[in-house]
Amino acid sequence: MFIGHFAVAFAAKKAAPNVSLGTLVFAAAFLDVVWPVLVLLGVERFRIVPGFTAVNPLDFTYYPWSHSLLMTLVWSVAFALAYFAASRDRAGAVWVGLVVASHWVLDFVSHIPDMPLYPGGEKVGLGLWRSIPATFVVEGLLFAAGIAIYVRATRSRDRIGSIAWWAFVALLLALYLPGPWASRPPSENTVAIFGVIALLIFGPWAYWIDRHREPAH
Ligand SMILES: [Zn+2]
């Protein structure tokens, strides 16, 4: 899943108003921060197989450290503890941990059964990616709901708070919508590097948005 993870980050801002949107985006995408790094280090593996699912050509052959359920719980607790150590915000830390864990649930819906319950364990996945229309409906509804919740829970302090936010939404859609028809990526490492670069842009951008918006009441 892609924009669905951002939807969770947007919606979580209502539940955890003290947590920056940047932290929430980083939390929602955290497994996909770990994943490309481990791929580039040669620890985890995937293959590009055109037509592997209707939505994308990624065959995740081995990613137990970033995407098993057990390791997701470990990452969630670690992320929550790190956030608590930095902020002393107990409620925020709980929400941040839940947002990290939500990534596995959403990926479980999207992926074919390639997500291990624990390293070496049974692999599961509901396979939403087998259908482009179903993927767009489910992820689109999630994204719309996340946006609706976020814009009700916050208001912009200035023009940047509005422009930077809507530009962020537009960029995500521009990257997401053509996905199923994109040409074959040149290599596995290109995909991983693109993933790292994307998060290096999205994370700081979301912190920037957050500084220009405030809770609506
Ligand atoms: Zn993922």
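Refer to the structure printed above.
Residues numbered from 1 in each chain as written. Predicted model: local features only at pLDDT ≥ 70, side-chain atom pairs only at ≥ 80, totals over all residues. Heavy atoms only, no water.

Caption draft 1: Here's a closer look at a nonpolar patch on the surface. A cluster of nonpolar side chains, Val37, Leu41, Val43, Tyr62 and Trp65, forms an exposed patch at the surface whose accessible area comes to about 440 Å². Residue Val37 is classed as partly exposed on the basis of its relative accessible area, which comes to 39%. (Patch = residues over 30% accessible without salt bridge, like charges linked within 9 Å, V, L, I, M, F, W, Y side chains within 5 Å. Areas by Shrake-Rupley, 256 points an atom, 1.4 Å probe, with all protein chains shown as cover. Salt bridge = Lys/Arg side-chain N within 4 Å of Asp/Glu carboxyl O. Buried < 20%, exposed > 50% of the residue type's maximum accessible area, 1.4 Å probe, protein only.)

Caption draft 2: Focus on the coordination of the zinc ion. Taken together, Asp32 (OD), His67 (NE2), His103 (NE2) and Asp107 (OD) make up the protein donors of the zinc ion, found 2.1 to 2.3 Å from the metal. One way to put it: the four donor atoms around the zinc ion meet at angles of 86 to 177°, and that makes the site irregular. Along the chain, the residues donating to the zinc ion are arranged with the sequence spacing D-x34-H-x35-H-x3-D. Highlighted residues: Asp32 in helix 3 (residues 31-40) and Asp107 in helix 6 (residues 90-110), separated in sequence by 75 residues. When its relative accessible area of 22% is taken as the criterion, Asp32 is described as partly exposed. (Donors = N, O, S within 2.8 Å, 3.2 Å for Na, K, Ca; no water. Tetrahedral: all angles 85-135°; square planar, octahedral: opposite > 155°, others 65-115°. Helix = DSSP H or I, 4+ residues; strand = E, 2+ residues; numbered from the N terminus.)

Caption draft 3: How the structure looks around unusual backbone geometry. At Arg88, a position not held by glycine, the phi torsion is positive, near 60°. Tracing the backbone through its elements, the reader meets Arg88 in the loop between helix 5 (69-87) and helix 6. Under the relative-accessibility criterion, Arg88 is labelled exposed at 61%.

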